[in-house]
Amino acid sequence: MSRAGRGSRGFVSGTDGKEKPGRKADRRTRVTVLVALAANLVIAVAKAVGGFIAGSPALLSEAAHSVADSMNEIFLLAALRRSRRPADRKHPFGYGKERFFWSLLAAVGIFVMGGCFSFFQGVEALRNGADESLSGYVAGLVVLGIALLAEGGSLLRALHQVRGQGGLGDGMRDPALRTVVAEDGTAVLGVSFAMTGMALHMATGQVVWEACASLAIGALLVYVAYRLGREARDQLIGEAADPEASGRIRALLRAQPEIDSVEALFTMKTGLDSALVAARVDLVPGLDSERVEEVAMRIKRSIRRTVPEARQVFLDVTDRPAREAAESPAATGERGGA
């Protein structure tokens, strides 16, 4: 029987085989996204019609904003459906990162379709001006008022779900819900900018106010797209689990009597509520291979109970004498001293 104290080394992996689906949370998020999609589709048509009738650059910028948001909600619906597919041979860690990918596409959509078009409208208004009749002003302000109510209702729905899922901390972990909140919050601010720009244009006769409103909407959209894209990028390239969860895992490992020291601990988010955990630990001397396997299985079960999102747990188990023997001059071929 090989013993850890004699230099054996094992790599023990495991998964609990129980994928917590979170279907209830997903259903709530899906409803929130559908509410936002319906609101944005109706508002986009109203803004576009009103913008062409009134010849308002700010209103046309807001129409582009709503079109971008509508496309993004479609991306988010795809993310909700695809990210819950079970693991298979091609993707052994599951499809949880689909949410991060589609959220990145949504951020790109906000930047390209919303931000860039708003900048274009603002610059065109400054270069060529814009003539609006009184009826055009009234129609535009009515459309924006309706849009403000619709966007505000959608934002309240999203914030209600965030509150129900643990507040701004836990509730905003879902990239789909986070994107909806960002879009709706940005939409409320954007509509406010557009209404202010139109009102000042109507009062002063200076188109610069509407042009500035369009530029402000564009800057707001680019900033939001940057923040959402940066978060999605971090998660796609292998973001670690939150420090609090990593701290609990490290403390649990150190508390095990069979573990002499924790040499390394690695974590990576593989989805919204799943993570991979890999640890390299030194065992106390004198454990035979059967005991090592027992200890490893017990530790993995403890980690999953302590951190439920730890779906895959890998332990690289060894002991200090084995590692020192492997690094000795006899093992490496180096010459000893005199």
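Residues numbered from 1 in each chain as written. Predicted model: local features only at pLDDT ≥ 70, side-chain atom pairs only at ≥ 80, totals over all residues. Heavy atoms only, no water.

1. As for the packing of helix 8 (residues 243-254) against helix 9 (residues 289-306)
So, point 1. Where helix 8 contacts helix 9, the axes come no closer than 10 Å and their chain directions differ by 150°. Note that helix 8 runs across helix 9; the crossing there is right-handed. For the pair formed by helix 8 and helix 9, the contact residues are Arg248, Ile249, Leu252 and Leu253 on the first element and Ile299, Ser302, Ile303 and Thr306 on the second.
So, point 2. Taken together, the residues of the contact of helix 8 with helix 9 sort by class into 5 nonpolar, 2 polar and 1 charged. (Axes fitted to C-alpha atoms, helices over the stretch in contact; angles between N-to-C directions. Helix = DSSP H or I, 4+ residues; strand = E, 2+ residues; numbered from the N terminus. Left-handed = near helix turned anticlockwise from the far one by under 90°. Contact = heavy atoms within 4.5 Å. Nonpolar A, V, L, I, M, F, W, Y, C, P; charged D, E, K, R; others polar.)

2. Structural notes on the side chain of Glu258
So, point 1. Within the secondary structure, Glu258 is located in the loop between helix 8 and strand 2 (259-271).
So, point 2. Among the polar contacts listed, one links the side chain of Glu258 to the side chain of Arg298, at a separation of 2.7 Å. (Polar contact = N/O pair within 3.5 Å; in protein donor to acceptor, adjacent residues only side chain to side chain.)

3. Regarding the pattern of salt bridges
So, point 1. For the coordinates displayed, the defined rule picks out 10 salt bridges.
So, point 2. With a closest N to O distance of 3.5 Å, Lys269 and Glu239 form a salt bridge. Here Glu239 lies in the loop between helix 7 (208-236) and helix 8 and Lys269 lies in strand 2, a separation of 30 residues in the sequence.
So, point 3. A relative accessible area of 24% means that Lys269 is categorised as partly exposed.
So, point 4. Take Glu239: its relative accessible area is 28%, and that puts it in the partly exposed class.
So, point 5. The partner of Asp316 in a salt bridge is Arg280, with the nearest N and O atoms 3.3 Å apart. A residue pair is termed long-range when its members are at least 10 positions apart, and Asp316 in strand 4 (residues 310-319) and Arg280 in strand 3 (residues 274-283) qualify at 36 residues.
So, point 6. With relative accessibility at 35%, the residue Arg280 sits in the partly exposed group.
So, point 7. Counted as one network, the salt bridges with shared partners bring together Glu258, Arg291, Glu294 and Arg298. (Salt bridge = Lys/Arg side-chain N within 4 Å of Asp/Glu carboxyl O. Buried < 20%, exposed > 50% of the residue type's maximum accessible area, 1.4 Å probe, protein only.)

4. Observations regarding the confidence of the model for the chain
So, point 1. On average, residues of the chain carry a pLDDT of 77, and 82% of them reach 70 or more.
So, point 2. Counted against residues more than four places away or in other chains, residues 1-21, with its pLDDT under 50, gives 59 contacts.
So, point 3. For residues 324-338, every residue scores under 50 in pLDDT, and the model assigns this stretch 5 contacts once sequence neighbours within four places are set aside. (pLDDT = per-residue confidence, 0-100.)

5. Focus: the packing of aromatic side chains
So, point 1. In the structure shown here, the tally under the stated rule is 2 aromatic pairs.
So, point 2. Arranged with centres 5.8 Å apart and planes meeting at 40°, the rings of Phe75 and Trp102 form a pair that is tilted. Of this pair, Phe75 sits in helix 2 (residues 57-82) while Trp102 sits in helix 3 (residues 98-128), and the two are 27 residues apart along the sequence.
So, point 3. Ring geometry for Phe101 against Trp102: centres 5.4 Å apart, planes inclined by 75°, an arrangement best described as edge-to-face.
So, point 4. Among the residues examined, Phe101 registers a relative accessible area of 37% and is labelled partly exposed.
So, point 5. One aromatic cluster is present, formed by Phe75, Phe101 and Trp102 through successive ring pairs.
So, point 6. The ring of Tyr95 has Arg85 lying over it, and the distance from NZ or CZ to the ring centre is 3.8 Å. (Phe/Tyr/Trp six-rings, centres within 6.5 Å; stacked < 30°, edge-to-face > 60°. Lys NZ or Arg CZ within 6 Å of the ring centre and 35° of its normal.)

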